[in-house]
Amino acid sequence: MTEPLAVHLGEDDIPFVDIGEGNLLRVLQVKRGEGLWIIENIFQAGYEVETHKHTGPVYGYTTSGAWKYKEYDYVNRAGSFLYEPAGSMHTLQCLEDNTRVWFQMYGSNINLDTDGNITSVVDGSLSLEFYLAICEANGLGKPPVMIE
């Protein structure tokens, strides 16, 4: 009987890609059967993510910088942990350059305009497809993202 082996990815194994104006993304893991997607971002001050609602829970770990949700008073700083229940709605705003955040998400993000209309739906598979396309376009090959 064989035991499953741990999988290690080093800091440089999965590159960050630019998603505009120096804001970076890397996709670390996608488990389609569980609806799980784990990403890491590095945001620059002033970056704002479209207002969105989650269909599943989200866990956020901030390792540097500062960011907040427009709808709340607290600020996420290095060492902060954030839990977002399914159905929560918010607008991410980055407050400091080089803010680094790791998100573990389940389900989809439903992006909304100012009137509450759906503008797009993003999930792990779509994020992975987007990430791999940018990697290929930038000559980075296909990073060893953990995909199940």
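Residues numbered from 1 in each chain as written. Predicted model: local features only at pLDDT ≥ 70, side-chain atom pairs only at ≥ 80, totals over all residues. Heavy atoms only, no water.

Note that Asp18 resides in strand S1 (residues 17-18). Overall, the relative accessible area of 42% leaves Asp18 in the partly exposed class. It is 17 Å that separates the C-alpha atoms of Asp18 and Phe103, two residues lying 85 residues apart in sequence. Discounting residues that sit within four places of it in the chain, Asp18 has contacts with Asn23, Leu24 and Ile134. (Helix = DSSP H or I, 4+ residues; strand = E, 2+ residues; numbered from the N terminus. Buried < 20%, exposed > 50% of the residue type's maximum accessible area, 1.4 Å probe, protein only. Contact = heavy atoms within 4.5 Å.)

Every regular strand shows the same layout, with side chains that alternate between the two sheet faces. Burial of strand S6 (residues 66-69) is two-sided: the residues Ala66 and Lys68 facing one way and the residues Trp67 and Tyr69 facing the other way are all buried. Of the strand pairs in this sheet, S6 and strand S7 (residues 75-77) are connected by 3 bridges, and their pairing is antiparallel. When the bridges of S7 are listed, Lys68 appears paired with Val75. Linkage of S6 to S7, two consecutive antiparallel strands, is achieved through a turn of 5 residues. As paired elements, S6 and strand S10 (residues 92-94) share 3 bridges and run antiparallel to each other. Looking across to S10, one finds that Trp67 is bridged to Cys94. (Pairing = 2+ DSSP bridges.)

Moving on, we get to the packing of aromatic side chains. Applying the stated criterion across every chain yields a total of 9 aromatic pairs. On the basis of an interplanar angle of 40 degrees and a centroid distance of 5.4 Å, the ring pair of Tyr59 and Tyr83 is categorised as tilted. Note that Tyr59 is positioned in strand S5 (residues 58-64) and Tyr83 in strand S8 (residues 81-84), a separation of 24 residues in sequence. On the basis of relative accessibility, which here comes to 45%, the residue Tyr83 falls in the partly exposed class. (Phe/Tyr/Trp six-rings, centres within 6.5 Å; stacked < 30°, edge-to-face > 60°.)

Moving on: the side chain of Thr62. Checked against the element boundaries, Thr62 lands in strand S5. Beyond its immediate chain neighbours, meaning those up to four positions away, Thr62 contacts Trp67, Asn76, Arg77, Ala78, Gly79, Ser80, Arg100 and Val101.

A few words now on the pattern of salt bridges. Applying the stated criterion to the full structure yields 8 salt bridges. Measuring nitrogen to oxygen at the nearest pair gives 2.6 Å for the salt bridge that ties Arg100 to Glu40. Placement of the pair is Arg100 in strand S11 (residues 99-106) and Glu40 in strand S3 (residues 36-43), with a sequence separation of 60 residues. Note on accessibility: Arg100 and Glu40 belong to one class, buried. Two residues, Lys70 and Glu48, come together in a salt bridge whose shortest N-O distance is 3.5 Å. In this pair, Lys70 is assigned in the loop between S6 and S7 and Glu48 in the loop between S3 and strand S4 (52-54), connecting sequence segments 22 residues apart. One salt-bridge network, held together by shared partners, links Glu11, Arg26, Glu40 and Arg100. (Salt bridge = Lys/Arg side-chain N within 4 Å of Asp/Glu carboxyl O.)

This part takes up the nonpolar core. The tendency in soluble globular proteins is for nonpolar side chains to be buried as a group. The biggest cluster of nonpolar side chains holds 26 residues, and the ones touching the most others in it are Val27, Ile39, Trp67, Phe103 and Tyr131. Of all elements in the fold, only strand S2 (24-31), S3, S6, S10, S11 and helix H1 (124-137) reach the threshold of two or more residues within this core. Sequence-distant contacts of Val27, defined by excluding residues within four places in its chain, comprise Ile14, Ile38, Ile39, Ser127, Leu128, Tyr131 and Val145. (Core = buried A, V, L, I, M, F, W, Y, C linked by side-chain atoms within 4.5 Å.)

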